[in-house]
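Chains, contacts and geometry: an overview
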Amino acid sequence: MATSLDRKAWLKQAHAMDFDVHIIGGGLAGSEAAWQLARRGFKVRLSEMRGSGGSTDAHQTDGLAELVCSNSFRSDDDEKNAVGLLHHEMRRLDSLIMRAGEVARVPAGSAMAVDRDVFSAEVQKALENHPNVTVVRERVDELPASGMTIVATGPLTAPSLAQSIVKVTGEDRLAFFDAIAPIVHRESINMDVCWMAARWDKGTSEGGGKDYINCPMTKEQYLAFHQGLLDAEKGEFKEWEANTPYFEGCMPIEVMAERGVETLRFGPMKPVGLDNPHWATPEHPNGRWAYAVVQLRQDNKLGTLWNMVGFQTKMKYAEQVRLFRTIPGLENAEFARLGGMHRNTFINSPVLLDRQLRLKGAEHIRFAGQVTGCEGYVESSAIGLMAGMMAATELAGREWTSPPRTSAFGALLAHVTGDAEAETYQPMNINFGLFPPLHDVNKKSRKEAYTARGKADFGEWLAGLEALPA
Ligand SMILES: Cc1cc2nc3c(=O)[nH]c(=O)nc-3n(C[C@H](O)[C@H](O)[C@H](O)COP(=O)(O)OP(=O)(O)OC[C@H]3O[C@@H](n4cnc5c(N)ncnc54)[C@H](O)[C@@H]3O)c2cc1C
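Residues numbered from 1 in each chain as written. Predicted model: local features only at pLDDT ≥ 70, side-chain atom pairs only at ≥ 80, totals over all residues. Heavy atoms only, no water.

Helix and strand counts for the protein come out as 13 helices and 19 strands. In summary, the protein has a C-alpha radius of gyration of 23 Å against a globular reference of 23 Å for 470 residues, a match within 12%. For the C-alpha atoms alone, the extent of the protein along its principal axes is close to 80 × 50 × 50 Å. Contacts in the protein between residues at least 24 apart in sequence constitute 70% of all its contacts with a sequence separation of at least 6. Measuring between centres, the 51 positive side-chain charges of the protein sit 2 Å from its 60 negative side-chain charges. (Helix = DSSP H or I, 4+ residues; strand = E, 2+ residues; numbered from the N terminus. Rg over C-alpha atoms; globule rule 2.2 N^0.38 Å. Contact = heavy atoms within 4.5 Å. Lys, Arg positive; Asp, Glu negative; His and termini not counted. Charge placed at Lys NZ, Arg CZ, Asp CG, Glu CD.)

The strand order 6-2-1-7-19-18 describes an open sheet built from 6 strands, whose pairing is mixed. Looking along the sheet, the strands with just one partner apiece sit at the ends: strand 6 (133-137) and strand 18 (358-359). Bridge analysis of strand 2 (residues 44-48) against strand 6 gives 5 bridges, and the strand direction is parallel. Note that in strand 6 the partner of serine 47 across the bridge is valine 136. Seen against the sheet, helix 11 (residues 377-395) touches strand 1 (21-24), strand 7 (149-151), strand 18 and strand 19 (362-367) and runs at an angle of roughly 150° to strand 19. (Pairing = 2+ DSSP bridges. Axes fitted to C-alpha atoms, helices over the stretch in contact; angles between N-to-C directions.)

Here the structure, examined in full by the defined rule, presents 14 aromatic pairs. Aromatic ring contacts, followed pair by pair, group Trp400, Phe409, Phe458 and Trp461 into a single cluster. Sitting above the plane of the tyrosine 291 ring, arginine 265 keeps its charged end 3.9 Å from the centroid. (Phe/Tyr/Trp six-rings, centres within 6.5 Å; stacked < 30°, edge-to-face > 60°. Lys NZ or Arg CZ within 6 Å of the ring centre and 35° of its normal.)

Once that is clear, we can look at the site of the ligand. Near the ligand, the surroundings consist of 33 residues, among which Glu48, Arg50, Gln370, Gly376 and Tyr377 are the closest. Contact distances for the ligand include 3.1 Å between a nitrogen atom and a backbone N or O atom of alanine 158. Taking 970 Å² as the accessible area of the ligand by itself, protein coverage stands at 92%. When contributions to the shell around the ligand are tallied by element, the ones reaching two or more residues are helix 2 (28-38), strand 2 and helix 11. (Near = heavy atom within 4 Å. Polar contact = N/O pair within 3.5 Å; in protein donor to acceptor, adjacent residues only side chain to side chain. Areas by Shrake-Rupley, 256 points an atom, 1.4 Å probe, with all protein chains shown as cover.)

A separate point is empty space enclosed by the protein. Per the counting criterion, the structure on display carries 1 cavity of 30 Å³ or more. Around the largest cavity, the lining residues are Asp299, Arg337, His415, Ala420, Glu421, Thr424, Tyr425 and Gln426. Looking at side-chain class alone, the lining of the largest cavity contains 2 nonpolar, 3 polar and 3 charged residues. (1 Å grid on protein atoms, 1.4 Å probe; cavity = no way out; pocket = protein on both sides within 12 Å on 5 of 7 lines; lining within 4 Å. Points joined across faces, edges and corners; volume = space filled by probe spheres on them. Nonpolar A, V, L, I, M, F, W, Y, C, P; charged D, E, K, R; others polar.)

Formed by 91 residues in total, the largest nonpolar core has its most connected members in Leu37, Phe73, Phe119, Met386, Ile430 and Phe435. Examining the composition of this core, we find that 12 residues originate from one element, helix 11, more than from any other. Residues within four places of methionine 386 in sequence aside, it is in contact with Leu93, Leu357, Trp400, Pro403, Phe409, Leu413 and Trp461. Listed in part, the 31 residues of the second largest apolar core include Ile189, Met256, Leu264 and Leu330. (Core = buried A, V, L, I, M, F, W, Y, C linked by side-chain atoms within 4.5 Å. Buried < 20%, exposed > 50% of the residue type's maximum accessible area, 1.4 Å probe, protein only.)

Here we come to helix 5 (residues 116-128). With 13 residues, helix 5 should reach 18 Å at 1.5 Å per residue; the first-to-last C-alpha distance of 18 Å fits that figure. Against helix 2, strand 2, strand 3 (72-75), helix 4 (96-103), strand 5 (111-114) and strand 6 lie the buried residues of helix 5. Here helix 5 starts with a cap whose side-chain oxygen sits 2.9 Å from the backbone nitrogen of aspartate 117, and that cap is aspartate 115. (Expected span 1.5 Å × (residues − 1).)

This part covers the sheet that holds strand 4 (residues 105-106). Taken in spatial order, the 3 strands line up as 3-5-4 in an open sheet, and their pairing is antiparallel. Edge positions in the sheet fall to strand 3 and strand 4, since each of these pairs with one other strand and no more. Bridge analysis of strand 3 against strand 5 gives 2 bridges, and the strand direction is antiparallel. Across the sheet, the residue bridging to serine 75 is alanine 111, located in strand 5. Contacting strand 3, strand 4 and strand 5, helix 3 (residues 82-92) runs over the sheet at an angle of about 115° to strand 3. The strands that helix 4 touches are strand 3, strand 4 and strand 5; relative to strand 5, the one it contacts most, it runs at about 75°.

As a further point, take the state of the cysteines. Per the stated rule, a full pass over the model turns up 0 disulfides. Not part of a disulfide, cysteine 215 finds its nearest cysteine sulfur in cysteine 194, a span of 3.6 Å. (Disulfide = S-S within 2.5 Å.)

Within the secondary structure layout, glutamine 426 lies in the loop between helix 12 (408-419) and helix 13 (446-464). In this structure glutamine 426 comes out as buried when scored by relative accessible area, which is 17%. Reaching out from glutamine 426, the side chain makes a polar contact with the backbone nitrogen of alanine 179 at a distance of 3.0 Å.

Enumeration over the complete set of coordinates arrives at 23 salt bridges. One salt bridge connects arginine 50 with glutamate 66, and the closest N-O pair in it is separated by 3.4 Å. Pair noted here: arginine 50 is in the loop between strand 2 and strand 3 and glutamate 66 is in the loop between strand 2 and strand 3, with a separation of 16 residues, a long-range link. Owing to a relative accessible area of 1%, arginine 50 belongs among the buried residues under this scheme. Taking the shortest distance from any N to any O, the salt bridge between glutamate 122 and lysine 125 comes out at 3.2 Å. Of this pair, glutamate 122 and lysine 125 are both found in helix 5, 3 residues apart, which corresponds to roughly one turn of the helix. Residues joined by salt bridges that share partners form a network here, namely Asp76, Arg91, Glu102 and Arg105. (Salt bridge = Lys/Arg side-chain N within 4 Å of Asp/Glu carboxyl O.)

So, about the environment of serine 55. Here serine 55 shows up in the loop between strand 2 and strand 3. Not counting the four nearest positions on each side in its chain, serine 55 is found in contact with Met49 and Arg50.

Structurally, histidine 22 can be placed in strand 1. Of note is the side chain of histidine 22, whose polar atom sits 2.7 Å from the side chain of serine 47. For histidine 22, the residues in contact, after removing those within four places along its chain, are Arg45, Ser47, Glu138, Val140, Pro144, Met148, Thr149 and Ile150.

Next comes the structure, spelled out in structure tokens:
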């Protein structure tokens, strides 16, 4: 694998190939990245395997930017909603996905939903008609050894290319299945019931190694919770997902519950070594062990998001909320993400990528879209947009300035490129838990405060950007 190339040699090489950037994958991220480069005058080769005989298990057409499931870009409310704020910022950067979305828009209340065929046709028309874009229907099987490249092959990356990625990044840095445990906003956890501690006090964090938030359960509560897991409605694996094995360590919590009433108490809900100070007595001044414990571990550097350790699940979302709120201390839990398990190819971006989405040690390659471990149509497109802008900035010989951490782009990008915990890295939607917290604002008006701060800071960043070639 070639490592960083001298920039001039690299550009020369790319021009000899008649394009400046090779984008692999004509989905949402790849299409958006191509647009951002093309409109700034850079030539793009966009390789898409659909249309050349290849496909994925989820795509149905050969159209660029096909929406594989729902037709919704979720909330378009840019005053109270994090994904709505991301829409707003994408529009300000002339996003092709947002532009085509407007043309294809269908009524959906405060959400943005689209006619999927019109949407895909609009994206394809814009790119095929652009003089700087060449759409090539081909499957790419190897990471290119040189030339500026953006890999945007999505959650269902062709296995041949996935193998090539593994060769460069290592086996344990590319996942083929996500195993998502729910993530809770820290401020919604009741610390009058929960407490911070590591098992046997063997923690590593500052302040005495109190690494985990622990939720205690009595025997009665545990048995009711166990029964709740058995009874809860579960989602089905899609036919093509059913044979993708999950590792023993990523087993859904409800499958563990089915193995026996004690299995969880000897697994993720093990209570030993965890003195609950809320249950202290004169004979037990340090507190007592609970019958079972649910542990939450810090999930981002800001400390705003905490994941429920070992709680990956296929339960339906409404069931998760209902059942997990029966856990002592989580009665009012607000979830930044609910659990899930899907076929999903993604790299461990926080360790593999630099802040500009470049693969460390092979900086001619950027990753974009869901393969970076963001989640969702809008987030994938947004990371594609950023990758396109970053590549354009580099080709123009300019310094890249990251969008502010307080903006939706900045929050998502920071999470993917280093702020998320690498060890527990799993796909993530945009949400306010990724933003620097605003503790001094009344809870009721906090969402408005996040969006107002984000818009103001993003506007300043945009105004300060040195204009790239148009
Ligand atoms: C089954 C399923 C359902 C989903 N449903 C939703 C949903 O309802 N809402 C939501 O917000 N998100 C959903 N997602 C998540 C995600 O947002 C979408 O998958 C989104 O399309 C990701 O965008 P992307 O550009 O990263 O990847 P994609 O849109 O998948 O684009 C990747 C492209 O790369 C091509 N490709 C792959 N390998 C190669 C190769 N080697 N050479 C050339 N081309 C290649 C593929 O054909 C594809 O066109 C879903 C994901 C899956 C798998």
